[in-house]
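The lines below spell out each chain.
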Amino acid sequence: MVQIEQLAARTPAVSVDELLKGFFPSSRFGQVSFASYRPDPKQPSQAQAVRALQGFAEGVGSGDGGGLFKKLFGKKETSRAGIYLDGGFGVGKTHLLASLWHAAPGPKAFGTFVEYTNLVGALSFRKTVDALSGYKLVCIDEFELDDPGDTVLMSRLMRELADAGVKLAATSNTLPGSLGDGRFAAVDFQREIQVLADQFDVVRIDGEDFRHRGLPAAPAPLKNSELSAHMKAEFDGKTVAQDEFSTLISHLAGVHPSRYRQLIDGIDGVVWRNVGTITEQAVALRFVVLADRLYDKDVPILASGVPFDQLFTEEMMTGGYMKKYFRAVSRLTALAREGQNHEPS
């Protein structure tokens, strides 16, 4: 028997302490390591990235931190405070970032870019700096600048953490100096963007989306009349969130993205009826966050309606946020394969 719930009926409340305690890799990456990463032999940059991160991990916590004394009298550093993994979606950047987190000594933090900006919103900038300055390593997954406020905020945060001696590691689909391109008047914020870029040594990871290597195309959406039978077959004895897609989309507007992780707590699978193309940018960006959290927790999907490669408009898929949307489509497709075909995501 399937226990059915609705995400659209959930409104989770999350305390500041819960936000701070949540900065560690999701269960999907809870046991990964450098040894479990599978470099593509056709892409030598992937093996090179593993070696670079292993060397970086050895240096975490080995120094005496930053501060004025070190700046005035300490030995000059030959490398920057951070390492930055640049590459397309699906090449294993998050796997490698989580492997670094597991290999490095603590205290340490691991979270997505949006989770750090949400933390600042919950704590205030100064309290966030104070809280993270005592860490040896801060890992930032899916680093991207969506607006001028984020640019100024993250520029200051990265600079102050680096000055405090915190090692930084980030992943992104965009080189540091190109952050913000196509999203806002980035040229007006080149100073802040350059400050960000100056904190990192860049490691490029080439390759195709591993979720598509040798795998079939995404499964066709199910018919509404088929959803119930598939749900009972796939999720017997489990808890499933079953929602009308339009109702879920409307509900997300009233739940802050920082709470999406708690929104899907205890959910073993999701079933969406009548998936439709999202036409509003703000709605689409919220849904990207939900897609990321579902992928983090490896939640299989059954869906009817349009296929996931039609989830966002053509304008969105070619615009300033295209990399976010491509990542979301890739991850949702992997979860749909898992839900319908039992293929690992």
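Residues numbered from 1 in each chain as written. Predicted model: local features only at pLDDT ≥ 70, side-chain atom pairs only at ≥ 80, totals over all residues. Heavy atoms only, no water.

## So, the pattern of salt bridges
Summed over all chains, the structure comprises 14 salt bridges. With a shortest N-O distance of 3.9 Å, Glu160 and Arg156 are connected by a salt bridge. Residue Glu160 and its partner Arg156 are both found in helix H7 (residues 148-163); the two are separated by four residues, about one turn of the helix. The salt bridge involving Arg293 is made with Asp296; its shortest N-O contact spans 3.0 Å. (Salt bridge = Lys/Arg side-chain N within 4 Å of Asp/Glu carboxyl O. Helix = DSSP H or I, 4+ residues; strand = E, 2+ residues; numbered from the N terminus.)

## Overview of the nonpolar core
Grouped together as the largest cluster of nonpolar side chains are 40 residues, with contacts concentrated most on Trp272, Ile278, Phe287, Leu290, Phe308, Leu311 and Phe312. Every element with two or more residues in this core is listed here: helix H10 (245-252), helix H11 (260-263), strand S8 (269-275), helix H12 (281-296), strand S9 (301-305), helix H13 (314-317) and helix H14 (322-341). When residues of this core are assigned to their parent elements, the largest contribution, nine residues, is made by H12. With sequence-adjacent residues up to four places away left out, Phe308 is seen in contact with Trp272, Val275, Ile301, Ala303, Val329, Leu332, Thr333 and Ala336. Ranked by size, the runner-up nonpolar core spans 27 residues in total, among them Phe23, Tyr116, Leu157 and Val166. (Core = buried A, V, L, I, M, F, W, Y, C linked by side-chain atoms within 4.5 Å. Buried < 20%, exposed > 50% of the residue type's maximum accessible area, 1.4 Å probe, protein only. Contact = heavy atoms within 4.5 Å.)

## Concerning the sheet that holds S9
Backbone hydrogen bonds hold the strands of a sheet together, and the pairing may be parallel or antiparallel. Spatial ordering of the open sheet is given by S1-S7-S8-S9, a layout of four strands whose pairing is parallel. Looking along the sheet, the strands with just one partner apiece sit at the ends: strand S1 (3-5) and S9. Averaged over all adjacent pairs, the angle separating strand axes in this sheet is 20°, with direction ignored. Pairing geometry for strand S7 (residues 239-244) and S8, over five bridges, is parallel. (Pairing = 2+ DSSP bridges. Axes fitted to C-alpha atoms, helices over the stretch in contact; angles between N-to-C directions.)

## Quick word on the environment of Gly266
With respect to the helices, strands and loops of the structure, Gly266 is situated in the loop between H11 and S8. Not counting residues up to four positions away in its chain, the partners in contact with Gly266 are Thr239 and Lys297.

## Notes on the side chain of His251
With respect to the helices, strands and loops of the structure, His251 is situated in helix H10. Classification of His251 as buried rests on a relative accessible area of 16%. Side-chain polar atoms of His251 contact the backbone oxygen of Ala8, separated by 3.2 Å. In contact with His251, not counting residues within four places along its chain, are Leu7, Ala8, Arg10, Thr11 and Leu263. (Polar contact = N/O pair within 3.5 Å; in protein donor to acceptor, adjacent residues only side chain to side chain.)

## Overview of the packing of H10 against H12
Interaxial distance between H10 and H12 falls to 10 Å at its minimum, and their mutual angle equals 95°. By the angle class used here, H10 and H12 are roughly perpendicular. Only Val283, Arg286, Phe287 and Leu290 of H12 make contact with H10, whose side of the interface consists of Phe245, Leu248, Ile249 and Leu252. Grouping the amino acids of the contact of H10 with H12 by side-chain chemistry returns seven nonpolar, no polar and one charged. (Parallel < 35°, antiparallel > 145°, perpendicular 65-115°, else oblique. Nonpolar A, V, L, I, M, F, W, Y, C, P; charged D, E, K, R; others polar.)

## A short note on the pairing of strand S5 (residues 167-172)
In terms of burial, S5 is largely enclosed, as five of its six residues are buried. Across five bridges, strand S2 (residues 82-87) lies against S5 in parallel orientation. Opposite Ile83, over in S5, you have Ala169 as the bridge partner. Examined bridge by bridge, strand S4 (residues 137-141) and S5 share four bridges and lie parallel to one another. Within S5, the position partnered with Cys139 by the bridge is Ala169.

## Brief notes about helix H2 (residues 44-59)
With 16 residues, H2 ought to run about 22 Å at 1.5 Å a step, and its terminal C-alpha atoms sit 24 Å apart, in line with that. If you check which residues of H2 are buried, you get Ser45, Gln46, Ala49, Val50, Leu53, Phe56 and Ala57. Looking straight down H2, one finds its buried side chains confined to an arc of 150°; they lie on one side. Facing away from the buried side of H2 by more than 90 degrees, the exposed set consists of Pro44, Arg51 and Glu58. Buried residues along H2 sit against S2, helix H4 (93-103), S4, S5 and strand S6 (200-205). With its phi angle positive at about 80°, Gly61 sits one or two positions after the end of H2. (Expected span 1.5 Å × (residues − 1). Arc of directions from axis to C-beta.)

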